Amino acid sequence: AQKVTQAQTEISVVEKEDVTLDCVYETRDTTYYLFWYKQPPSGELVFLIRRNSFDEQNEISGRYSWNFQKSTSSFNFTITASQVVDSAVYFCALSEGGPGNTGKLIFGQGTTLQVKP
Amino acid sequence: GAVVSQHPSRVICKSGTSVKIECRSLDFQATTMFWYRQFPKQSLMLMATSNEGSKATYEQGVEKDKFLINHASLTLSTLTVTSAHPEDSSFYICSARAHEEVYEQYFGPGTRLTVT
């Protein structure tokens, strides 16, 4: 069965600190997709990144970076020089891939990040 | 980018009444739409998957007679919570997927339902 685990329930940092949000997944599929979403207090999900199972390249986008390691089934997310506006709940999610995939997203429990000024 | 809207954004209803939530894809045709429910401080849980013109597929534990889903067109899906009770109070989020982007879902802004 597919599963996503975000072991960190809440993280609190001071502005300008770097912070890493952990995500560990389980799947038997060889083709799958991993996602990160941000959910600010307004509730609307903001898409951050999608990565497919065949692309293990790490990615950097501004202050955000992602480390995908199939060997440890992890897809961790790092925010460099955090800002107060980064305060939100962050979800890691997994979707099965391949022919006939349903597109269902399995979400982790979410990590609440609080960045204090 | 692809835009998905939901209406209403907030709704308060009395126990025993029914409420309908609309999910629209504004600038693309959504062959598949998903409905999620999120309780306070919890994760999103998939309720059902609907494909245009066919019956919705419900996840285990979701009552299909209570949560009626209709995907009548390629741009509109509706979720009707029938005979709502306070325990149905939640944040309902829809997402839509275009046929040609099988790995991408676009999320609506969500509907906060409060049943009194």
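A quick note: this is a predicted structure, and the numbers were derived from the prediction, not measured. (Residues numbered from 1 in each chain as written. Chains lettered and ligands numbered in written order. Predicted model: local features only at pLDDT ≥ 70, side-chain atom pairs only at ≥ 80, totals over all residues. Heavy atoms only, no water.)

Asker: Just give me the short version of the state of the cysteines, but keep the residues and values in it.
Answerer: Counted under the stated rule, the structure contains 2 disulfides over all chains. A sulfur-sulfur distance of 2.0 Å marks the disulfide that ties Cys23(A) to Cys92(A). The chirality of the disulfide connecting Cys23(A) with Cys92(A) is left-handed, given an S-S dihedral of about -65 degrees. Here Cys23(A), found in the loop between β3 (19-21) and β4 (24-26), pairs with Cys92(A), found in strand β10 (residues 88-96); they are 69 residues apart in sequence, far enough to count as distant. The exposure classification of Cys23(A) matches that of Cys92(A), with both residues buried. Cys23(B) shares a disulfide with Cys94(B); S-S distance 2.0 Å. Its S-S torsion of approximately 80 degrees makes the covalent link between Cys23(B) and Cys94(B) right-handed. Residue Cys23(B) is located in strand β3 (residues 19-25), and its partner Cys94(B) is located in strand β9 (residues 90-98); the two are separated by 71 residues in the primary sequence. Given the relative accessible area of 0%, Cys23(B) is considered buried. Not part of a disulfide, Cys13(B) finds its nearest cysteine sulfur in Cys94(B), a span of 18 Å. Cys13(B) gets classed as buried once you look at its relative accessible area, which sits at 8%. (Disulfide = S-S within 2.5 Å. Helix = DSSP H or I, 4+ residues; strand = E, 2+ residues; numbered from the N terminus. Buried < 20%, exposed > 50% of the residue type's maximum accessible area, 1.4 Å probe, protein only.)

Asker: Before we move on, could you go through the pairing of strand β8 (residues 76-81) of chain B and cite the residues and values that matter?
Answerer: Residue and element names in this part refer to chain B. Counting buried positions over the 6 residues of β8 gives 6, a clear majority of the element. Of the pairings in the sheet, the one linking β3 to β8 comprises 6 bridges and is antiparallel in character. Within β8, the position partnered with Val-19 by the bridge is Val-81. Across 5 bridges, the pairing between strand β7 (residues 67-73) and β8 is antiparallel. (Pairing = 2+ DSSP bridges.)

Asker: Report on the interface of chain B and chain A, specifying residues and quantitative values.
Answerer: Across the boundary between the two partners, chain B contributes 19 residues, which contact 18 residues of chain A. When the two sides are added together, the surface that chain B and chain A hide from each other amounts to roughly 1,500 Å², 51% of it contributed by carbon and sulfur. At the junction of chain B and chain A, the tally comes to 2 salt bridges. The partner of Arg50(A) in a salt bridge is Glu104(B), and the shortest N-O contact between them spans 2.2 Å. Counting every contact that joins chain B to chain A gives 5 residue pairs in polar contact (both at pLDDT 80 or more). Those elements giving two or more residues to the side of chain B that touches chain A turn out to be β4 (30-38), β5 (44-51) and β9 of chain B. When the residues that make up the side of chain B that touches chain A are grouped by side-chain class, the tally is 10 nonpolar, 6 polar and 3 charged. (Contact = heavy atoms within 4.5 Å. Buried area = accessible area lost by both parts, 1.4 Å probe. Salt bridge = Lys/Arg side-chain N within 4 Å of Asp/Glu carboxyl O. Polar contact = N/O pair within 3.5 Å; in protein donor to acceptor, adjacent residues only side chain to side chain. Nonpolar A, V, L, I, M, F, W, Y, C, P; charged D, E, K, R; others polar.)

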